[in-house]
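Spelled out, the chains give:
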Amino acid sequence: MQHESPSLPPQTPPLNLVPQSQYAASFKPASETNSASSSSAELLTPRREGATPVHQNERDPQPYAVIYPSQVTDTDTPSSSRSTILSEETANANSASPGKRYVTLSPKGSRNIIRDCPYPDEIKFSTKWHYLRNVPKFQVCSYCFTQHIEGTDVAVSFDSEMSLQGEARNCKFQIPRVQQLWTTSKRSKDFEALKALLEHRAGVLPCYGESGTTSAAGVKWFSPISGDIPGFVVCEACYEDYILASTFVNQFEVYKEKQTSNAIWACDLSLRSIERALKHCSEENDWRKFTSFASKRLKLPKCVSYEWLPTESVKWYQPKSLDYILCETCYIDSTAFSPFDKYFEPRPNELLKGRKDWLCLQGWITMKLAWEEAYQRRGYNHWFEQAQIMGSNLLCTASPVNHEKWFVLANHVQNFQICPSCYGVLIMSYGYAPYFKEQNHPGGAEKICSFFPTVRHANRFLEKLSEVIFVNDFSLLQNEIETWTNVHPCPRSEGVVGRTFYGSDDFLICKECYENAVKGTVLESQFTYSNTIFTKANKCDLYSPRMRALWAEACTKNDYDGFILICRQRQEIYLQTIPVIKAILTQQRIRLSRQKMLNASSNFYNFLNSTTAPSSQINYTGYSQPTYSYGAAGVGYGFETQFGVEGARLGQQASNLAFEGGGDIARAKYLEEVWKAVE
Ligand SMILES: [Zn+2]
Ligand SMILES: [Zn+2]
Ligand SMILES: [Zn+2]
Ligand SMILES: [Zn+2]
Ligand SMILES: [Zn+2]
């Protein structure tokens, strides 16, 4: 899809988190509720006996509640190679008691064999990777290796290694084109073609996903030859991985249109529904079916996660037997060409007429994750149960929510708490309930959930939770929460009082930078101060990429004294520049307000001059009047009144101030550059 102006949000982190500004005004009650709302409210009240009560927040009425109990028993899962171990598990799940079923039946991962293949995402945590001895670029995750290679006669050709924590890798085994070559290569035991493909593929830019990119990235784009799908573009990586593995190879060519520098283009194959459509239609060799689906999908608006949408602006859908609403875009992206399609039905807009705005619940990160889990592993029932939990609790939002029940870590960490729906969907369903305890607040307590994506550190916790699920080690999240929940943001070069610092008399490092860049490094043992609280104001010396690189270099060379020397020089430059810049900026603020005052006064006197000058008076006599002119040194002569002279004088003072200020600004800019060079 092509966008002519760079209006898309920046590349989102792995958990699809949206910039905070988008949330700021999102959680107000619907902007207007007309009189028909009573019928809507009635519709949304739980009707089943024994249903979990819906907590009503007076300021933000919760429009979602479960109507009927979960009776869906179908356990369809997609027929991908990744779902082979699902059928037994999901069949068992149906006979287990609700709420407990996933705790015991979910397979657990470990560092050596992760729980699932992360494809198409990359993972950055330390884990075992397998690769063909002669084709080291053929990186296979431990899940795919144990599922598809271990025990076969080619397994002996593989070596393995542990990746480092923080090192990004992705599994190549699930790439459709690699899959095709793998099938033939392993039969012939000739891996040269696979090697050539992976060597070539390593030189191709990665897919930039739904966020897209400008021409600066230098992506090579492809599009359908026939122009059957207006505006449809595919990046080179996806062309290599998907199109070349499909029966539609001849339908695509290099895109003729040139991407202009301010246009953002996003690869349309990064939409999961279009990727599924390509696979499905390619197998049927039905190009028309693919083009009509892709054309329809590209016309749909992007779902705005966590935001109220005008009810009439989109079509709405719901799962059968559950009062849970999702927008058409999410409905299509989630269910098209999937076996889950049959569980959904349109939600007639008449039933939503009571409200001008509505929320798409599938936009919540919790429900996106629950959907992936259901789709890849556990079947539709898993998602349905999570949707029930979501529907029977107040929504997790960026602003405080009133719950009687909050969940905290069993060994309590102050200021960390999660809401019932995040607890149900992200903790209980993965079997980590024993690490939490319930905190009851009769009458309710207003708090913000620590897992809401825009809350400080939530992104870090959610990413760690993902690692926890892959390797089944809850202590990782426990440590992360204990370490980070109460860490203040780095003060950078502003002095702060009463904070914890690490380092020496020559440099100090704040807790945040210590945890991010210093903890565990070899030179840490030489610090004079460790976790020391200072009562005098201190700045942090290790927030810039330059200083962090110098610290890493010092650690590699084991040169603590060299690092101290660099810090002393940097401190000298700091003292010569930052206080002067601050003084200039203060002067400049004073000067600006004086200049404004002088300009206003000058305008006032000029106005008096123009209204009282003889030339502006009406001459009733018919005789010409004697004229005088006024003036002063410095501003010139020829003013009709003394007011004119004063106006000119004040105007000139204002200009002089601006002129002087200009010189100071240039000096501040120069000093800033000097500081930036060593910052
Ligand atoms: Zn894999
Ligand atoms: Zn792509
Ligand atoms: Zn949506
Ligand atoms: Zn929450
Ligand atoms: Zn810092």
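Description of the structure in this document. Model, not experiment: these values are computed from the prediction.

A count of helical and extended segments in the protein gives 19 helices and 20 strands. Residue burial in the protein is summarised as follows: out of 679 residues, 32% are buried. Contacts in the protein between residues at least 24 apart in sequence constitute 73% of all its contacts with a sequence separation of at least 6.

Taking 1.5 Å as the rise per residue, helix α12 (residues 380-391) with 12 residues should run 16 Å; its terminal C-alpha atoms sit 16 Å apart, in good agreement. Taken across its 12 residues, α12 has 12 buried, putting it largely inside the fold. Among the residues of α12, those classed as buried are Tyr 380, Asn 381, His 382, Trp 383, Phe 384, Glu 385, Gln 386, Ala 387, Gln 388, Ile 389, Met 390 and Gly 391.

Moving on, we get to the nonpolar core. Ranked by internal contacts, the top residues of the largest apolar core, which has 81 residues, are Cys 141, Cys 144, Leu 326, Leu 361, Cys 419, Cys 422 and Phe 451. For this core, the element with the most residues is helix α14 (residues 458-471), which contributes 8 residues. No fewer than three residues from each of domain 1 (8-18 + 36-77 + 302-392) and domain 2 (396-486) sit in this core. Grouped together as the second largest cluster of nonpolar side chains are 25 residues, Ile 229, Cys 235, Trp 265 and Ala 266 included.

Now for the sheet that holds strand β12 (residues 344-347). In spatial order, the strands read β11-β10-β12; together these 3 strands make up an open sheet with antiparallel pairing. Two strands in the sheet have a free side with no partner beyond their single neighbour: β11 (326-327) and β12. Inspection of the sheet shows strand β10 (residues 316-319) paired to β11 by 2 bridges, in the antiparallel sense. Of the residues in β11, the one forming a bridge with Tyr 317 is Leu 326.

Moving on, we come to the sheet that holds strand β18 (residues 529-533). Strand pairing within a sheet occurs via backbone hydrogen bonds; the two strands may be parallel or antiparallel. An order of β17-β16-β18 is seen for the 3 strands of this open sheet, with the pairing classed as antiparallel. Strand pairing shows two members of the sheet lacking a second neighbour, β17 (508-510) and β18, which therefore form its edges. Adjacent strand axes in the sheet meet at a mean angle of 35 degrees, parallel and antiparallel pairs treated alike. Sheet topology note: the strand β16 (residues 500-503)/β17 ladder contains 3 bridges and is antiparallel. The residue of β17 that forms the bridge with Gly 503 is Leu 508. Of the strands in this sheet, β16 and β17 are in contact with helix α16 (residues 511-518), which crosses β17 at around 90 degrees.

The next subject is the pairing of strand β2 (residues 128-132). Two elements, β2 and strand β4 (residues 158-162), share 5 bridges in a ladder whose sense is antiparallel. Looking across to β4, one finds that His 130 is bridged to Ser 160. In the sheet, β2 pairs with strand β3 (residues 135-141) via 4 bridges, with the strands oriented antiparallel. When the bridges of β3 are listed, Leu 132 appears paired with Val 135. Counted between consecutive antiparallel strands, the loop separating β2 from β3 contains 2 residues.

On to helix α6 (residues 192-202). Buried residues of α6: Leu 194, Leu 197 and Leu 198, and no others. Looking straight down α6, one finds its buried side chains confined to an arc of 90 degrees; they lie on one side. Opposite the buried face of α6, by more than 90 degrees, sit the exposed residues Glu 192, Ala 196, Glu 199 and His 200. On its buried face, α6 is in contact with β3 and α5 (176-188).

One can find Glu 679 in the segment after α19 (642-678). Under the C-beta neighbour-count criterion, Glu 679 is labelled partly exposed, with 19 such atoms within 10 Å.

Let's shift gears to unusual backbone geometry. In the segment running from Tyr 119 into Pro 120, the intervening peptide bond is cis, with an omega of 5 degrees. Looking at the element boundaries, Pro 120 is found in the loop between α3 (101-105) and β2. Non-glycine residue Asn 558 carries a positive phi angle of around 55 degrees. By the C-beta count within 10 Å, which is 9 here, Asn 558 ends up exposed.

Examined against the element boundaries, Tyr 670 turns out to sit in helix α19. Through-space distance from the C-alpha of Tyr 670 to that of Ile 581 is 9.5 Å; in sequence the pair is 89 residues apart.

Right, let's talk about the pairing of β10 for a bit. Remark: a regular strand shows side chains that alternate across the two faces of the sheet. Burial of β10 is two-sided: the residues Trp 316 and Gln 318 facing one way and the residues Tyr 317 and Pro 319 facing the other way are all buried. The turn linking β10 back onto β11 is made up of 6 residues, and Ser 321 within it adopts a positive phi angle of 70 degrees. With 4 bridges joining them, β10 and β12 adopt antiparallel strand pairing. Along β12, the bridge assignment pairs Gln 318 with Glu 345.

As a further point, take the environment of Lys 128. Tracing the sequence through the fold places Lys 128 in strand β2. Remark: the alpha-carbon pair of Lys 128 and Arg 111, spanning 17 residues in sequence, is separated by 6.6 Å. The contacts of Lys 128, once residues within four sequence positions are left out, are Arg 111, Asn 112, Ser 142, Ser 160 and Met 162.

On to the packing of helix α8 (residues 272-284) against helix α9 (residues 287-299), then. At a closest axis distance of 9 Å, the pairing of α8 and α9 adopts a crossing angle of 170 degrees. Taken together, α8 and α9 sit at an angle that is classed as roughly antiparallel. As α8 runs across α9, the sense of the crossing is right-handed. Where α8 approaches α9, its residues Ser 273, Ile 274, Ala 277, Leu 278, Cys 281 and Glu 284 are matched on the opposing element by Lys 289, Phe 290, Phe 293, Ala 294 and Arg 297. Here the residues of the contact of α8 with α9 sort into 7 nonpolar, 1 polar and 3 charged.

What counts as what
- Residues numbered from 1 in each chain as written.
- Chains lettered and ligands numbered in written order.
- Predicted model: local features only at pLDDT ≥ 70, side-chain atom pairs only at ≥ 80, totals over all residues.
- Helix = DSSP H or I, 4+ residues; strand = E, 2+ residues; numbered from the N terminus.
- Buried ≥ 20, exposed ≤ 12 C-beta atoms within 10 Å, placed from the backbone.
- Contact = placed C-beta atoms within 7 Å.
- Expected span 1.5 Å × (residues − 1).
- Core = buried A, V, L, I, M, F, W, Y, C linked by C-beta atoms within 7 Å.
- Domains from an automatic or database assignment.
- Pairing = 2+ DSSP bridges.
- Axes fitted to C-alpha atoms, helices over the stretch in contact; angles between N-to-C directions.
- Arc of directions from axis to C-beta.
- Parallel < 35°, antiparallel > 145°, perpendicular 65-115°, else oblique.
- Left-handed = near helix turned anticlockwise from the far one by under 90°.
- Nonpolar A, V, L, I, M, F, W, Y, C, P; charged D, E, K, R; others polar.

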